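# Secondary and tertiary structure notes
Here is how the chains run, residue by residue.
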Amino acid sequence: MASMQILMAGSSGFMGQALTTRLRSAGHDVVRLVRRVPEASDERQWDPAAGELDAGLVADADVVVNLCGSPLLGIPYLPSHHRRLYESRIGPTRLLADAIAAAGSPPALVNAGGCSHYGDHGSEVVIESSELRGGDAPLERVARDWETATKPAGEAGARVCILRTAPVMSRGSQAMKLLTPMFRFGLGARLSSGDQFFPVLSQQDWLGAAMLLVTSDTASGPFNVCTPVTPTNAEFTEALADAVNRKAFLAVPSPVLRLGAGPMAVELLRSLNLHPAALLAEGYEFSDPDVDAVLAGQV
């Protein structure tokens, strides 16, 4: 595989650091966009809030990878948290997409995204072409507008891949940092009945999927990035409890969840039997195809 010039936004995050390392290990040159004064030879400054980006960096890239976004976990019912979630994703994405569209030979764009805007589909298998039933819940709006922000790049003829990513359940991820201590202390609990489908993914497979899409010549469109077998919330709860050698007897009733999580409760109660049809069609082979494989060795 020929070496590629990659321009990376969001390289300081958990997944961004890992992808940067993987790309460089494969022989690719990665230039990292940072908002502070650059401290390393591979860093270049930008200010997405002010609309400041060196267009030459974009024009010189083969692929732009955008993983920008503030952490999802926070105090979910605070409007300030919702605003950070939205602005940290949509603004940088729009700036990069506009710069790609203005380039003489538009580089590809591989952009982070979410699966929330599919909405509640019960037990129905959800692939990339499935109906979007989401409303105006916080993450539904973010996911919808996040993808819309990439449109200038696609309209200019760039190859655009959207990673509609399930929660990554790997050691060091936000979700596992929160859940593992709770389950170790016997506080693991299913949410409501636990019958709702709850898509998950390992870091290893996120990296594998991202590498495939970055280095492909032809892959484009939205990609569900999740295990081929999606567990229910009850199955996930049992698997994580088993992984830490504890039992999970507790359950959080829906009214209590809605009271505690506010507008974000819809994200926890939604049933999304997500399936990575587009990734499988590209020939991707999963290392961790189900929840037990995902959690093995991660706690």
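Our structure's up above, just so we're on the same page.
Here's what I pulled together on the structure shown here. What you are looking at is a predicted structure, and each value in this text was computed from that prediction instead of being measured. Along every chain, residues carry numbers that run from 1 in the direction the sequence is written. Owing to the predicted nature of the model, reporting of local features is limited to residues with pLDDT of at least 70; listing and counting of side-chain atom pairs is limited to 80 or more, with chain, interface and lining totals taken over all residues. Side-chain figures throughout are based on the complete set of non-hydrogen atoms in the structure, without hydrogens or water.

### As for the overall build of the protein chain
- Scanning the protein chain from terminus to terminus reveals twelve helices and eleven strands.
- Radius of gyration means the value over C-alpha atoms here, while the globule rule gives 2.2 Å times the residue count to the 0.38 power. For 299 residues, the compact-globule formula gives about 19 Å, and the C-alpha radius of gyration of the protein chain, at 19 Å, lands near that figure.
- Whether a residue is buried, partly exposed or exposed follows from its accessible area with a 1.4 Å probe, protein chains only, as a fraction of its type maximum: under 20%, in between, or over 50%, in that order. Counting over 299 residues, the protein chain shows a buried share of 53%.
- Contact criterion: two residues are considered in contact whenever any of their non-hydrogen atoms come within 4.5 Å of each other. Of the contacts formed within the protein chain by residues at least 6 apart in sequence, a portion of 78% connects residues at least 24 apart.
- The method behind every accessible area is Shrake-Rupley, applied with a 1.4 Å probe, and residues are considered shielded solely by the protein chains displayed. Surface summary for the protein chain: the accessible area is close to 13400 Å², and the carbon and sulfur share equals 53%.
- Put simply, the protein chain has 24 plus and 32 minus side-chain charges, and the middle of one group is 7 Å from the middle of the other. By definition, any uninterrupted DSSP run of H or I lasting at least four residues is a helix, any uninterrupted run of E lasting at least two residues is a strand, and each is numbered from the N terminus. Residues counted as positive are Lys and Arg, residues counted as negative are Asp and Glu, and His and the chain ends are not counted. For charged residues, the charge sits on one atom: NZ in Lys, CZ in Arg, CG in Asp, CD in Glu.

### Quick notes on the side chain of Gln196
- Within the fold, Gln196 resides in the loop between β8 (189-191) and α7 (203-215).
- At 3.1 Å, the side chain of Gln196 and the backbone oxygen of Leu191 are in polar contact.
- If sequence neighbours within four positions are ignored, Gln196 has contacts with Leu191, Pro231, Thr232, Asn233, Leu268, Leu269, Arg270 and Ser271. Whenever a nitrogen or oxygen atom comes within 3.5 Å of another N or O atom, the pair is scored as a polar contact, on the condition that within protein one atom can donate a hydrogen and the other can accept it, and that pairs from neighbouring residues in sequence are kept only if both atoms are in side chains.

### Points about the nonpolar core
- Leu19, Val65 and Trp206 are the most contacted members of the largest nonpolar core, which totals 40 residues.
- Setting aside residues up to four positions removed in sequence, Val65 forms contacts with Ile6, Leu7, Met8, Ala9, Leu19, Val110 and Val214.
- Counting residues in each nonpolar core, the second largest holds 21 residues, with Ala61, Ala97, Ala153 and Val160 among its members. We define a nonpolar core as any set of buried Ala, Val, Leu, Ile, Met, Phe, Trp, Tyr and Cys residues linked to one another through side-chain atoms lying within 4.5 Å.

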